[in-house]
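Commentary on secondary and tertiary structure
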Amino acid sequence: MGEILSIRVRAQTLSEEDVAQAGTALCSRVWREWMTSRKLRGQGMEKLMGPVTGPGPVEKFLGGRKHGVVELASDLADLMRFGDLPPQVAEALKEPVEEVERARQALSKALGDWAVQAANTATDDLEKALGEAESALERLESSAK
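Heads up: these notes are all about the structure in this document.

What counts and what doesn't
Residues numbered from 1 in each chain as written. Predicted model: local features only at pLDDT ≥ 70, side-chain atom pairs only at ≥ 80, totals over all residues. Heavy atoms only, no water. Phe/Tyr/Trp six-rings, centres within 6.5 Å; stacked < 30°, edge-to-face > 60°. Buried < 20%, exposed > 50% of the residue type's maximum accessible area, 1.4 Å probe, protein only. Salt bridge = Lys/Arg side-chain N within 4 Å of Asp/Glu carboxyl O. Helix = DSSP H or I, 4+ residues; strand = E, 2+ residues; numbered from the N terminus. Axes fitted to C-alpha atoms, helices over the stretch in contact; angles between N-to-C directions. Parallel < 35°, antiparallel > 145°, perpendicular 65-115°, else oblique. Contact = heavy atoms within 4.5 Å. Core = buried A, V, L, I, M, F, W, Y, C linked by side-chain atoms within 4.5 Å. Left-handed = near helix turned anticlockwise from the far one by under 90°. Nonpolar A, V, L, I, M, F, W, Y, C, P; charged D, E, K, R; others polar.

1. Section: the packing of aromatic side chains
One pass over the full model with this rule turns up one aromatic pair. Relative to Trp-34, the ring of Trp-31 lies with its centre 5.6 Å away and its plane at 90°, an arrangement referred to as edge-to-face. Like Trp-31, the residue Trp-34 is buried in the burial classification.

2. Regarding the pattern of salt bridges
Tallying each qualifying case throughout the model produces five salt bridges. Note that Arg-81 and Asp-78 form a salt bridge whose closest N and O atoms lie 3.0 Å from each other. With Arg-81 and Asp-78 both in helix α6 (residues 69-82), this residue pair falls three residues apart, about one helical turn. Measuring nitrogen to oxygen at the nearest pair gives 2.6 Å for the salt bridge that ties Lys-109 to Asp-113. Overall, Lys-109 belongs to the exposed group, its relative accessible area being 55%.

3. Notes on the packing of helix α7 (residues 87-112) against helix α8 (residues 116-144)
Closest axis-to-axis distance for the α7/α8 pair is 8 Å, and the angle between their directions is 170°. When the interaxial angle is binned, α7 and α8 end up roughly antiparallel.

4. A look at the environment of Ser-74
Relative to the helices and strands, Ser-74 resides in helix α6. Separated by 30 residues in the primary sequence, Ser-74 and Arg-104 place their C-alpha atoms 7.5 Å from one another. If we skip the residues at most four places from it in the chain, Ser-74 touches Arg-65 and Arg-104.

5. Here's the deal with the nonpolar core
Of all hydrophobic cores here, the largest spans 31 residues; its most connected members are Leu-26, Leu-72, Leu-76, Leu-93, Leu-126 and Leu-130. For this core, the secondary-structure elements that each account for two or more residues are α1 (16-22), α2 (24-30), α3 (32-37), α6, α7 and α8. In this structure, Leu-76 is in contact with Leu-26, Val-30, Leu-93, Val-97, Leu-130 and Ala-133, ignoring residues within four places of it in sequence.

6. Regarding the packing of α6 against α7
One can describe the packing of α6 onto α7 by two numbers: an axis separation of 9 Å at closest approach and a directional angle of 135°. For the element pair α6 / α7, the angle class is oblique. You can see that α6 and α7 cross each other, and the crossing is left-handed. Residues Val-70, Ala-73, Ser-74, Leu-76, Ala-77 and Met-80 of α6 form the contact with α7, whose participating residues are Ala-90, Leu-93, Lys-94, Val-97, Val-100, Glu-101, Arg-104 and Leu-107. Across the contact of α6 with α7, the residue classes tally to ten nonpolar, one polar and three charged.

Right, here's the structure in full:
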């Protein structure tokens, strides 16, 4: 790297709306106020979580940051550690979120090491793990109907 010019390797979500559409149940739990403002809240979430009465714990703490894939993974892990989740939601997400966190950490390491191929693999793993977490919530929503 030069003295003025630097090179960065990073993962970036281009469309927040794509994240909201692909992970409606997850995003509704993690960013409930943001999802409600887009009228995209998961249908079964009302029964599981109750009505939206303002920002969720992650939104309160982190404010209006970007709503991307990496942010969803990070915020989901924070919500599991510090959030106030109903027991059945926490149980349904426990294993999928552990996999999400492993994939997120692998991506972070690969980006830090400038390992583009490993980062590419880690993005696939992260999206797959988030998909599994989304499926777990969808199953829970279906059983709540």
